[in-house]
Each structure stands twice: as structure tokens, then as C-alpha cells.
Amino acid sequence: MSMCLMVSFAALMNSHTAWGDEVKKNQFADENQTKYQFDIASQPLPQALAAFSAMTGIQVLYTEKSIYSYRSVALQSEFGASDGLQALLGGTDLQFRYTADRSVTIEKRSAASSLNDEVEVGAITVIGTRQSRYDSRYSETGTLVAKDVTDIPRTVDVIPEQLLLDQHARELEDVYRLSPNVVNVDGYGGSREDFLIRGFRRRDDIYRNGVRLKTNGRVNPDTVDSVQIVKGPVAEIGQMTPGGLVNIITKKPQFIRENHIATDFDEYGEREVQADFTGPLNEEKTIAYRLTTSAENSRNFRKSDIDRQFLSSSFYWEADNGANVNFNYEYTHDERPIDRGVITVPGNGTQRNIVNTSVETRFDQSNLNNRDVSTHILELDTAIPVFNDDWTFENKLFYAYEQVDEIRNEVVNVSNTGILTRRVQGNDDRELSTAFVRMQLRGEFDAGLPVDLVSGVELRHQDESWTNFAGANQTGGTVSNPSSFTLVDNTDSNPILRRYTEVKQLSYGPYAQGDIHLTDAVTMTLGARYEVVANEYNQVDRLTDTASGFDPESDGHLTKSAALVWKPVEELSLYASYAETFQSQNIYSGNETTAVFAPEKGRQYEVGAKWSGLNDRLLLSGALFDIHQKNVVETVNGTPEMTGGIRSRGAEAVITANPVQGLNLRAGVGLLDAEIVSENANNGNTPTNTPDITTSLWASYEFQKAKSSLKGLGFGAGLYHVGNRYGDSAHSFELGDYTLLDVGMWYYLPVRNESRVRFDLGVKNVTDEQYYVASGGTYRVSVGAPRTFFGSIRFEF
């Protein structure tokens, strides 16, 4: 499947080498390297180049729009890469030059006719899914200066859409487990995104295209182009937990026409259809569109019904001078129950035991459990070259509105004899709006040393209101037979809580990050951000008609970062970094508790190495880190608690490789020593849900040789291990460890006009291991999915 990424740079490179000499050098290399059996039909040149890229693993880049007007010759013979590409360009006024071992740029012949021409590229089109299908080297997160992950002085895991497709990722929780020292958490009964990074739990925030967004729902995987997981704090990005952040990069319009329609299904009742369309809107290739949509009406192994619809429409316009505009509107509707999982029962002394029951056992009542979330997102990005095109003035306007209604029932107590006490509760008319503005300058200058600089200002306003209600406790039913007692909705007839709450948060401030190139091999990165935070909290008790509120004074925080990257050889990067962060939490509201806490503050030291080998077909990275956070709040059974602090130290390593044609793998291991630093009895304990080891491996092989009768057939397998975790800070019960094995296979069936159909079949949790994903408290233990057979059909045209 071809791929087109629009990446804007002010200046990509200077070239002082003649095109003829460059081609001769690489043609000579071809004589001693791989020969390819090409089978590329005559077709529009962009599609032919995509096929060339898929077969050779060479990245093809171009900015010349006339490429869309050409049709390639048929290429059906054995050639080296240079000879094959030269043949495809025959009869055009285009030529190519190598810009790296596995990367070529296409341009008009006149653009490289001189030995001393400088080539300045504005908008680059990268075409083709490389053979290294799981290696996504470009990161938009973890640094304000966009660059290859090997040049970023911290750990950044970039997980591309292709890996989601091969793994049949139903939710993003299937993606998080691919990154070392990242585990899934309770997620409000599985109804929203929730994860731990390096021992620190995210708050309510997830990043979307670089914008911090509080969300009460799930992110639909159909919007994802890549998931970028940044380890550790990034001082200049703003508020975040010191463990790191997850940034969702959404799909953007492309100038190469690509369309697909797909359906997914599994044995328990997953039923989803999706469609994705993108391409140019005019002959000049200056306007492109993308329309992505899906609808799901599914049931999972816990007999939870999931009903969701998704629509994303976006448009991209690019002017001749490199200015561009991207607009996106996204709508998501997600309706599902809040599944608190299974419960614990009293054990010896203060210890508790997870009840031994079937994975399908529910301790709630389905007719009194539903959560309905609707989300609208508007996003506008602009970029304008300024100062003789040496700088770019970039702007982002972002607005999100979310509306939630829910009713749920859950266990609040279990007697020593196994009698259940449950409560019906929920939230009415929960509304959440987020407005965000960013203005920044990006460019480079010479201050005695070359400097790449990004500097700007951001403003974010969030307004959230809801009515929390609860009925009196109802006792009945047993651990062994929860459904023997019927709950009633007594939230109106016998209420114990009905409270209206509104929270407003405003934050703003300047930031800057600079890459100072001390030598050709050494780069120093400095960053800083000053952020002012103001919160306002109001509450009305509807039962007593009393009002209360907090309006703390605004508070400003300066966070700083510094790092060094040394490249003793081009393939190897060694780095050391320091960064600070904070996260405002002045006011926190739990189920029945309102508390005011000081802001969380944290810092991280990290050292690491990254090595790129085998002509960029192998990427190895490793890191050691030390994180300390203070003023940590943990929610236990809906109540906020100050644990004091967390100290987290560990190591992790990741390998992404394409050792031979068709074979791809991604593996990682994380070791973690995290402990609570507190004056209470929990001091020294491991934080909730935090394992000491996580490992993952996903490997796939696809037959790709043109003459192979098995071309298009692929196999994949994944192995995941999570170490033992504790269910609460007091260590009153354990979740245990688990190891999962997933397998899958697919086949691409060619059809007419370069279209194809992909068929997938697979099994998740092949060994049918019973395990627990996470704990949200004493009566909130999430159950892992049993062995599941799945399939999908995808038509690409």
C-alpha cells in the first residue's frame, strides 16, 4: 500500500555533487548489491514510484508537481535499483539523485545541472510504504524541531498505522503495549483512554496533533496515522506527567489518490465497517482532501454492547510559495457500558483476594449501565514562509466540545459472608469544551554557530460542568450469584447525592526550543516554557441548595530542559538530557470528595544511545532514566489521595528491523523500579498497576518478490509479557503477571486497475490465558480478553 506524507521544511539540504557522478556511484554500488525482479505495469508515475519503493525499500521524495502528469513505462525485468528507477523515468524531463543510502529525490533535470547548484526544497512528498513497514523515523512529538528520532535526545516510540492494521488493533490499548514500560490502566471501566508510562498514570489528558486535550471517551483508531509515545517530560511542551505523553497524529490529505473500504469482525460480535478516501481536488495538485468514516455495532466477551460512529473530513491547500492551510473536522459518537470488571473479597488480615469467577461474570446490572459520549473537534493549521523563506510563521486554532451522559451501578462493599452492596449513580449533562491557540516562528540562523529555533506562545481554556448523582446503597445478591437481586434506579426516589459542579481552567505562556550545532557531530538542545495557570471551581448541592467554590490565585511555573547529542559516526547517536515538568491540580473532585492539592512537579535525567544500521533497515535504541515526582494524587475507589511522591528508575530498549526483504519485526523490553515516597505506611511500595518488567515482540513476513506465486501472503505473530502488579498502593492484593500470544495472516488479492483486496484472519491470546489488565480499586479489577478469533476484509482502490 502506498503512503504519502506531506512534510514541510524550510531547507532540506545543500547539494554540491553533480547528478551524473552521484548516479554513477550508486549504479556502481548496484553491480555489487541487490538485483530486483521488477513487475511494474505501465501506470501513472506516482503509482509506479510507489511500487518501486515497496519493492526496493528505497524512499522516493519529490516536490515537482509535473510528476503527476507522466505515465511510466512498464518495468518487467531484473535491474539494480538505480537502473530500474532510471527506466521508470524514461521519456520524462525528470531525474533522480541519492540524498542518502536508501533515499532518492526526484526533480527536473535543470535543477541539478550544475556542480555548484544549491537545492532548496519546500514541500516534500514521500511516497511508498517501505519494506521497513514498522519503522517510522520521523517524529512530530518530543521536540518542537521536527527531526529524525535518532537526533532526538530522549526516547520516542513512533508506531505507524501499518502496525495497527497488521495487529487488528480494535482500541489504542492494543498499541500502548508495544512500547516498553507502558501499560494499560482501568480507564473508567474501559470507557476512555488510560495508561501508565514509566510508572506514572496519565491524568485525563491525551495529545492530539500536539494539542493537550482532556477527553472522557475513547480515541477511534480509524483516525490514526501514527501513535507517538514520548518518554519523560518535555519542558517546552507544557503540562504533562513526568512519565511522558501519548500524541495521536491523525490522517492528513494526500496528493496521491488512495481509497479503501473495510470490515472487521470477531467471534464475540465485533462488527465494524470503515472507509477512507484521499486525493487531489484540482489538476494543479494544490488542494487535497481526506474523508474517513466508520460505524460499529459490536459486542465484546463481557457482553458489553458498543455502538460508535466516526467521521473525519479534512482539506489541505498549498500555495506556490510554500504557504499551506490544513482544516479538519472530526465527529465521534461512542456508547458503551462502564465495565468495572470483577471485585476483590476479604482475605487474611488486611489482604484481599480477587474473586475466582468466569471472565464473563458481571457484578453490575446491564439496564442501569450506559455511557453516551459525543465529541466534535475543529482544527485549523496554517504555515506561511517569512523573511525570505528562511522562517515559517505557524498558527493553530483548535476547539473541542464533548457531551456525556451516563448511569452506572457498581459494588461498594462486600461482607465477610459474600453479600454485595451496590449503588446506582452517574453524571448528567456533562459538557466539556477546550479552546486552544498557538502562534510560533520556526527557522534557523547563524549566531556564531548554526541554530534551529522554534519559539511561540500558547493559550488554552477549558470549561467543564456536570451533575453528579447517586442513590442510596442497595444490599442484595452474592459474590457467587450477583444477579439474584434486582437493583432499581433510586437516584430520584431515594437520593444521597445530587451535585452540580463547574471547573474552569485557563493556561497561557511563551516557550522556546533551540538546537545549537556546536560541531558537525555535537548538538545542544535548550528549551524553556513559562506557563501561567488559573483555575476556578464552583459547586451547588442540589439536595440542600447550598453553594461553595474555590478561586485560587493564578500561578506561574517555569520549566526547563537541556540535552546533548553526540554522533561519533553518522549511524550512532549518544545523548544525555534533563527536563522538568509540572501539572496543575489545584482542585480535584472525586465521587463524593472535593480537595485542593498543590501542583505536581517532576524532573527526569536520561542517557541513551540510538544506532541506525543496514542502510536504515535496523534501528536500535536504549535508555537509562531517573524520574522523581512530588505532590502525586492517586484516585482510589473514586476518592483522591495524596501519596506524596513517586521515584522511578529504569531502563528500556527497542529494536525495529527489516533484516531481509519481507521480514519485519519490532521488539522492546522495559525494566522499572518505581516506589512511592511518602510519610505514610505506603512509603517504599510500588505504585498501583506498575510492573517491574514489560516485553513485547511483533514479527511479520510477507512474500514480496514479483515472480513468487505466494506474493501478497503474509504472516504475523506477537508476544507480550507484563510483570506482576499491585492492585492498590497498600499492596492489599496482587494482579499477577501474564504473557499473551497473538497470531495472524493476510493475503493481498490483486484485482483490476491496480486495486487489491486484503483478507485477514487471526487469533488473539492463543493460549487463552486468564489475566487482569489493571485495577481501579478494591471493586474495580479489569478482566483481560480470552482467546478470540478475528477477521477482516479490506478493498484498496
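Residues numbered from 1 in each chain as written. Predicted model: local features only at pLDDT ≥ 70, side-chain atom pairs only at ≥ 80, totals over all residues. Heavy atoms only, no water.

Visitor: Mind showing me how you'd approach the confidence of the model for the chain here?
Guide: Detailed conclusions should not be drawn from predicted coordinates in areas where pLDDT is low. Scored by pLDDT, the chain has a mean of 87; 87% of the residues are at 70 or more. Note that residues 1-32 has pLDDT below 50 and, in this model, 80 contacts with residues that lie over four places away or in other chains. Note on residues 111-131: pLDDT is under 50 here. Beyond four places in sequence and across chains, it has 86 contacts. (pLDDT = per-residue confidence, 0-100. Contact = heavy atoms within 4.5 Å.)

Visitor: In this structure, what is going on with the sheet that holds strand β17 (residues 244-250)? I would like to understand it.
Guide: Strands pair in a sheet through their backbones, by hydrogen bonds, and they do so in one of two ways: parallel or antiparallel. Overall, mixed pairing links the five strands, which are arranged β10-β16-β17-β14-β15 in an open sheet. Looking at which strands have only one partner, the edges of the open sheet turn out to be β10 (156-160) and β15 (211-214). Taken over all neighbouring pairs, the strand axes of this sheet differ in orientation by 30° on average, direction set aside. Relative to β17, strand β16 (residues 224-231) runs antiparallel, the two sharing seven bridges. By the bridge assignment, V227 is partnered in β17 with I248. (Pairing = 2+ DSSP bridges. Helix = DSSP H or I, 4+ residues; strand = E, 2+ residues; numbered from the N terminus. Axes fitted to C-alpha atoms, helices over the stretch in contact; angles between N-to-C directions.)

Visitor: Looking at this model, I keep getting lost on the pairing of strand β38 (residues 618-630). Mind explaining?
Guide: Regular strands place their side chains on alternate faces of the sheet. The pairing of strand β37 (residues 600-613) with β38 spans 13 bridges and is antiparallel. Within the sheet, the bridge partner assigned to Q604 lies in β38 and is I627. With 13 bridges connecting them, β38 and strand β41 (residues 645-657) associate as antiparallel partners. Bridge assignment links H628 to a residue of β41, and that residue is R647.

Visitor: Any chance you could explain the environment of P599 here in plain terms?
Guide: Mapped onto the elements, P599 comes out in the loop between β36 (594-596) and β37. A C-alpha to C-alpha distance of 8.7 Å links P599 and K630, two positions 31 residues apart in sequence.

Visitor: Could you clarify how one ought to interpret the pattern of salt bridges in this entry?
Guide: Between side chains of opposite charge, pairing is possible as soon as their charged atoms come close. Tallied over the full model, the rule gives 52 salt bridges. The salt bridge partner of R362 is D364, with a shortest N-O separation of 2.8 Å. Take R362 and D364: they sit in the same class, and that class is buried. Of the charged contacts in the structure, one is a salt bridge between R430 and E464, with a shortest N-O distance of 2.9 Å. Here E464 lies in strand β28 (residues 450-471) and R430 lies in strand β27 (residues 419-446), a separation of 34 residues in the sequence. Residue R430 is classed as buried on the basis of its relative accessible area, which comes to 13%. One network of salt bridges, in which partners are shared, links R170, E171, D266, E296, R308, D334 and R336. (Salt bridge = Lys/Arg side-chain N within 4 Å of Asp/Glu carboxyl O. Buried < 20%, exposed > 50% of the residue type's maximum accessible area, 1.4 Å probe, protein only.)

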